[in-house]
Amino acid sequence: MQKIGFAEAVDRILAEDPRYHREVYSFVRDALDFTVKQQKKGREALPKHVSAAQLLDGVRLFALKEFGPMVLTVFHYWNVNSCEDLGYVVFNMIRKEILGKNDSDSLDQFRDGYNFHEAFVLPFQPIPAVPPENPTPSQSLPAETGI
């Protein structure tokens, strides 16, 4: 059997499962490459397999880097609304032999991922100014003066 290219494999995935936009498959492939490169920076001996948790963390970091505060807008356009959706994308890619898997890999590992709002919105929220608990005399409010 002849090995098919990435674009053709994605075409076949979309014919069977049209839930997700074509671009998310390229993004996940690029996020996996990013994750592996990040791991290489951190240590000499690399595992031969990227776990679901490692991939989800790589997806988070790569998405923030690539899309900034627009991450959720892009993901919603791709119909990716949770880590579970990313798991379905990954397992679609595994089925078409774009990615490999271990016997212990499962979709359940993606269900236990992070909250998208916390991962992609909160990093861009302004930090609220908190007044000091015990203001110094120069920081305290001036006393009211009577007329």
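Residues numbered from 1 in each chain as written. Predicted model: local features only at pLDDT ≥ 70, side-chain atom pairs only at ≥ 80, totals over all residues. Heavy atoms only, no water.

Counting secondary structure elements, the chain contains seven helices and zero strands. Reading the helices (α) and strands (β) of the chain from amino to carboxyl end gives α-α-α-α-α-α-α. Going through the 147 residues of the chain one by one, you find that 33% of them count as buried. In the chain, of all internal contacts separated by at least 6 residues, the share reaching a separation of at least 24 is 66%. Total accessible area computed for the chain in this model is approximately 10,000 Å², and 54% of it derives from carbon and sulfur atoms. (Helix = DSSP H or I, 4+ residues; strand = E, 2+ residues; numbered from the N terminus. Buried < 20%, exposed > 50% of the residue type's maximum accessible area, 1.4 Å probe, protein only. Contact = heavy atoms within 4.5 Å. Areas by Shrake-Rupley, 256 points an atom, 1.4 Å probe, with all protein chains shown as cover.)

Turning to its location among the elements, Asp105 is positioned in the loop between helix H5 (83-95) and helix H6 (108-111). Buried charged residue Asp105 carries no salt bridge. Nearest counter-charge: Lys101, at 5.7 Å. Engagement of the side chain of Asp105 in a polar contact is seen with the backbone nitrogen of Asn102, the distance being 2.7 Å. The contact partners of Asp105, leaving out residues within four places of it in the chain, are His49 and Phe91. (Lys, Arg positive; Asp, Glu negative; His and termini not counted. Salt bridge = Lys/Arg side-chain N within 4 Å of Asp/Glu carboxyl O. Polar contact = N/O pair within 3.5 Å; in protein donor to acceptor, adjacent residues only side chain to side chain.)

Let us now look at the packing of aromatic side chains. For the structure on display, the rule yields 13 aromatic pairs. On the numbers, 6.3 Å between centres and 90° between planes, the contact of Phe91 with Phe110 is edge-to-face. Taken together, the residues span a long stretch of sequence, with Phe91 in helix H5 and Phe110 in helix H6 at a distance of 19 residues. By the burial criterion, Phe91 is buried, and Phe110 matches it. Ring-pair connections join several aromatic residues into one group, and the members of that group are Phe27, Phe34, Phe62, Phe67, Phe75, Trp78, Tyr114, Phe116 and Phe120. Against the face of Tyr88 rests Arg19, its NZ or CZ located 4.5 Å from the ring centre. The positively charged end of Arg29 is found above the aromatic ring belonging to Phe6, 3.8 Å away from the centroid. (Phe/Tyr/Trp six-rings, centres within 6.5 Å; stacked < 30°, edge-to-face > 60°. Lys NZ or Arg CZ within 6 Å of the ring centre and 35° of its normal.)

Moving on, we get to the side chain of Thr35. As for its placement among the helices and strands, Thr35 is situated in helix H2 (residues 22-42). With sequence-adjacent residues up to four places away left out, Thr35 is seen in contact with Val50, Gln54, Leu55, Gly58 and Val59.

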